[in-house]
Amino acid sequence: MRRLNLAILISGRGSNMEALLHAAEDPAYPAKPVLVASNRPDAKGLETAAAARIPTAAIDHRLYGKDREAFERQLDAELEKAGTEIIALAGFMRVLTPWFVGKWEGRLVNIHPSLLPKYRGLHTHQRAIESGDAEGGCSVHWVSAGVDEGEVIAQARVPILPGDTEDTLAARVLVEEHKLYPRALAMACEAIRSGK
Ligand code: GRF
């Protein structure tokens, strides 16, 4: 079975990207990485991807000022050049415009560090602790026009323990993110293949 060409978008560390690249080393994995792109030229994950011999692109969003769409058109050109068929956002810290989401909808997924629909946006772990939740977790979801609002593909849960801080909870969730994302991305590939 032909694998879907996968582009991964990052902004920083890229540990979720690394988990996806690792899963895709298996030739039976349904996605094949063709590009890792970052809006930050200094993103650590770009070095990791280059070391794994995956083509990389840095498109510095600061060069486009407030014109988000101009930045995205450049990004889109790189995605098209690489033959992208599915995009995984992995710690990509730019809100996408309706133009970009509209173009890639149904082929665009994201990982978010909360049990959606709880805690869209930032500081998810802090908000879960402050709310007295017994559990935290992460979600992989289809990206739609609203931020962190698309349909959930899969989730993983962890307990919130007494004395947890934002950092200790983030670390516990991150371990699960690295297991969840490859699994959920494979599910997304299957959904695309079967026409959903
Ligand atoms: C992850 O916690 C992800 O859920 C969130 O940003 C973090 C990115 O980490 N969106 P990394 O760059 O994948 O290491």
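Residues numbered from 1 in each chain as written. Predicted model: local features only at pLDDT ≥ 70, side-chain atom pairs only at ≥ 80, totals over all residues. Heavy atoms only, no water.

Asker: Help me get a handle on empty space enclosed by the protein, residues and values and all.
Answerer: Applying the stated criterion across every chain yields a total of 1 cavity of 30 Å³ or more. Within this model, the largest cavity holds a volume of roughly 60 Å³. Taken together, P113, S114, L115, K118, Y119, T124, H125, A128, D133, E135, G136 and G137 form the lining of the largest cavity. Elements supplying a minimum of two residues to the lining of the largest cavity: α5 (124–130) and β6 (135–142). (1 Å grid on protein atoms, 1.4 Å probe; cavity = no way out; pocket = protein on both sides within 12 Å on 5 of 7 lines; lining within 4 Å. Points joined across faces, edges and corners; volume = space filled by probe spheres on them. Helix = DSSP H or I, 4+ residues; strand = E, 2+ residues; numbered from the N terminus.)

Asker: Any details on the sheet that holds strand β4 (residues 86–89)? Residues and values, ideally.
Answerer: The strand order across the open sheet formed by 7 strands is β3-β2-β1-β4-β5-β6-β7, and the pairing between neighbours is mixed. With partners counted over all chains shown, the strands left at the sheet margins are β3 (56–58) and β7 (152–159), one partner each. Sheet twist, expressed as the mean angle between neighbouring strand axes with direction ignored, is 20°. Both β4 and strand β5 (residues 108–112) contribute to a ladder of 3 bridges, which runs parallel. Bridge assignment links L89 to a residue of β5, and that residue is N110. Packed onto the sheet, helix α2 (residues 44–51) meets β1 (4–10), β2 (31–38) and β3 and runs at close to 155° relative to β3. (Pairing = 2+ DSSP bridges. Axes fitted to C-alpha atoms, helices over the stretch in contact; angles between N-to-C directions. Contact = heavy atoms within 4.5 Å.)

Asker: With reference to specific residues and values, describe unusual backbone geometry.
Answerer: In this structure, P117 follows L116 across a cis peptide bond, with omega equal to 10°. The phi angle at Y119 is positive, at roughly 55°, despite the residue not being glycine. Residue class for Y119 comes out buried when judged on its relative accessible area of 15%. In this model, D148 sits at a positive phi of 60°, which is unusual for a non-glycine residue. Looking at where D148 falls in the secondary structure, it is placed in the loop between β6 and β7. (Buried < 20%, exposed > 50% of the residue type's maximum accessible area, 1.4 Å probe, protein only.)

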